[in-house]
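Here is what each chain is made of, one letter per residue.
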Amino acid sequence: MRKKIVAGNWKMNNDLDQTILLIEELKKNQITKVNVMIAPSSLFLKTAKDLLEDSPIEVISQNVHQKSNGAYTGEVSCDMLKNIGISTTLIGHSERRAHFNENDFVLLEKVKFAIDSGMNIIFCFGEQLKDRKSNKHFDVVKSQLENTVLKLNSDFWKNIILAYEPVWAIGTGETASAEQAQEMHEFVRNCISKSYGDIVSDKVSILYGGSVKPSNAIEIFSKKDVDGGLIGGASLVASDFDEIVKANS
Ligand code: PEP
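Because the structure is a prediction, the values reported are computed rather than measured.

Enquirer: Is there a simple way to explain the packing of aromatic side chains in this structure?
Expert: The description of two aromatic rings rests on the distance between their centres and on the angle between their planes. Counted according to the given criterion, the structure contains 4 aromatic pairs. An angle of 35° between the planes, with centres 6.0 Å apart, marks the rings of Phe 125 and Tyr 164 as tilted. Of this pair, Phe 125 sits in strand 5 (residues 120-125) while Tyr 164 sits in strand 6 (residues 160-164), and the two are 39 residues apart along the sequence. For the residue pair Phe 125 and Tyr 164, the accessibility class agrees, reading buried in each case. An aromatic cluster of three or more residues is present, and its members are Phe 125, Tyr 164 and Tyr 208. A cation sits over an aromatic face here: Arg 96 above Phe 100, 4.0 Å from the ring centre.

Structure below.
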């Protein structure tokens, strides 16, 4: 059975007080069989971790650097994260690709280094609107995966969760239809299967991300290759996030 996951990406939102408040709200929610994760600002990871000490909600990082330590001003290392008990990180979010020039080469370095350091990763990928409009979305996704995670040997895959996030659906209010999500998730699972076989591909959780809301979550999560969601905007509202978590139960 694949893990069902709902992960909230808070991005650069919430100051310390808001972080504490939202976590206190989330703690009141009934946790289901779903693995629930939140990714607050790196500045507040330790606070979040302490507040959630007795909770099944996992605190994860939004990003990590690809080197162990050194002169990389402003960056956070795997060891720093592990030192405060964080063992999962997003890698390759489209906003990191677009605003911080993270290309496939850097992302592969990050993935390798993080997993070699004992971390789990949620690897994000997805096409732009122009790719979908020109019917190149499958080719673009295939190449994003072939240049990164599909280069790894099969041992790495027990530490990899994937998140398909069509860029045109992130923060835009526009959501891929449940059919579009399923079609791409199935395609991705087939790509993994071709490289590593069904035993590996059947176990990989593939999340959908892009304007998931309480109103569309049940339909998206009902699809057989959609194992959960990576949630941006709606994860900042405790009641919405809770509804989305329950939609995946
Ligand atoms: C995201 O940033 O990963 C995301 C899916 O954002 P939103 O839910 O706001 O579209």
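Enquirer: Looking at this model, I keep getting lost on the side chain of Ser 61. Mind explaining?
Expert: Here Ser 61 is to be found in the loop between strand 3 (58-59) and helix 3 (78-83). Of note is the side chain of Ser 61, whose polar atom sits 2.6 Å from the backbone oxygen of Asn 63. Look past the residues within four positions of Ser 61 in its chain and what remains in contact with it is Ala 39, Leu 45, Leu 81, Ile 86, Thr 88, Thr 89 and Leu 90.

Enquirer: Quick question: what am I supposed to make of the environment of Ala 169 here?
Expert: Topologically, Ala 169 is positioned in the loop between strand 6 and helix 8 (178-196). On a C-alpha basis, the gap between Ala 169 and Glu 95 in space is 12 Å, while along the polypeptide they are 74 residues apart. Not counting residues within four places of it along the chain, the set of residues in contact with Ala 169 comprises Glu 174, Thr 175, Ala 176, Tyr 208, Gly 210 and Ser 211.

Enquirer: Teacher, can you tell me more about the site of the ligand here?
Expert: Taken together, 14 residues are adjacent to the ligand, and Lys 11, His 93, Glu 165, Gly 171 and Ser 211 come closest. Taking Lys 11, its side chain carries an N or O atom lying 2.5 Å from an oxygen atom of the ligand. About the coverage of the ligand: the protein hides 95% of its 300 Å² of free accessible area. Of the residues in the shell around the ligand, the class split is 4 nonpolar, 8 polar and 2 charged.

Enquirer: Teacher, can you tell me more about the sheet that holds strand 3 here?
Expert: Backbone hydrogen bonds hold the strands of a sheet together, and the pairing may be parallel or antiparallel. Here we have 8 strands laid out as an open sheet, ordered 3-2-1-8-7-6-5-4, and parallel in their pairing. Looking at strand neighbours, the two that pair on one side only are strand 3 and strand 4 (88-91), the edges of this open sheet. Examined bridge by bridge, strand 1 (residues 5-9) and strand 8 (residues 228-231) share 4 bridges and lie parallel to one another. Directly across from Gly 8, in strand 8, lies its bridge partner Ile 231. Across the face of the sheet, helix 5 (residues 104-116) comes into contact with strand 4, strand 5 and strand 6 while running at roughly 165° to strand 5.

Enquirer: Is there a simple way to think about the pairing of strand 5 in this case?
Expert: Consecutive residues of a regular strand have side chains that alternate between opposite faces of the sheet. Burial of strand 5 is extensive: 5 of the 6 residues sit out of reach of the surface. Two strands pair when backbone bridges link them, and strand 4 and strand 5 are joined in this way by 4 bridges, in the parallel orientation. Bridge pairing in strand 5 links Thr 89 to Ile 121. Sheet analysis places strand 5 next to strand 6, joined by 5 bridges and oriented parallel. Counterpart to Phe 123 in the pairing with strand 6 is Leu 162.

Enquirer: Is there a simple way to think about the nonpolar core in this case?
Expert: What tends to happen in soluble globular proteins is that the nonpolar side chains get buried as a cluster. Membership of the largest hydrophobic core comes to 63 residues, with the highest contact counts inside it found for Phe 123, Trp 157 and Leu 162. When residues in this core are grouped by element, the largest group, 7 residues, is from helix 8. Those residues in contact with Trp 157 that sit more than four places away from it in its chain are Val 149, Leu 150, Leu 152, Leu 162, Ile 192, Tyr 196, Val 200 and Val 204. Membership of the second largest hydrophobic core comes to 12 residues, among which are Ala 39, Ile 60, Ala 163 and Leu 207.

Scoring rules and cut-offs
- Residues numbered from 1 in each chain as written.
- Predicted model: local features only at pLDDT ≥ 70, side-chain atom pairs only at ≥ 80, totals over all residues.
- Heavy atoms only, no water.
- Phe/Tyr/Trp six-rings, centres within 6.5 Å; stacked < 30°, edge-to-face > 60°.
- Helix = DSSP H or I, 4+ residues; strand = E, 2+ residues; numbered from the N terminus.
- Buried < 20%, exposed > 50% of the residue type's maximum accessible area, 1.4 Å probe, protein only.
- Lys NZ or Arg CZ within 6 Å of the ring centre and 35° of its normal.
- Polar contact = N/O pair within 3.5 Å; in protein donor to acceptor, adjacent residues only side chain to side chain.
- Contact = heavy atoms within 4.5 Å.
- Near = heavy atom within 4 Å.
- Areas by Shrake-Rupley, 256 points an atom, 1.4 Å probe, with all protein chains shown as cover.
- Nonpolar A, V, L, I, M, F, W, Y, C, P; charged D, E, K, R; others polar.
- Pairing = 2+ DSSP bridges.
- Axes fitted to C-alpha atoms, helices over the stretch in contact; angles between N-to-C directions.
- Core = buried A, V, L, I, M, F, W, Y, C linked by side-chain atoms within 4.5 Å.

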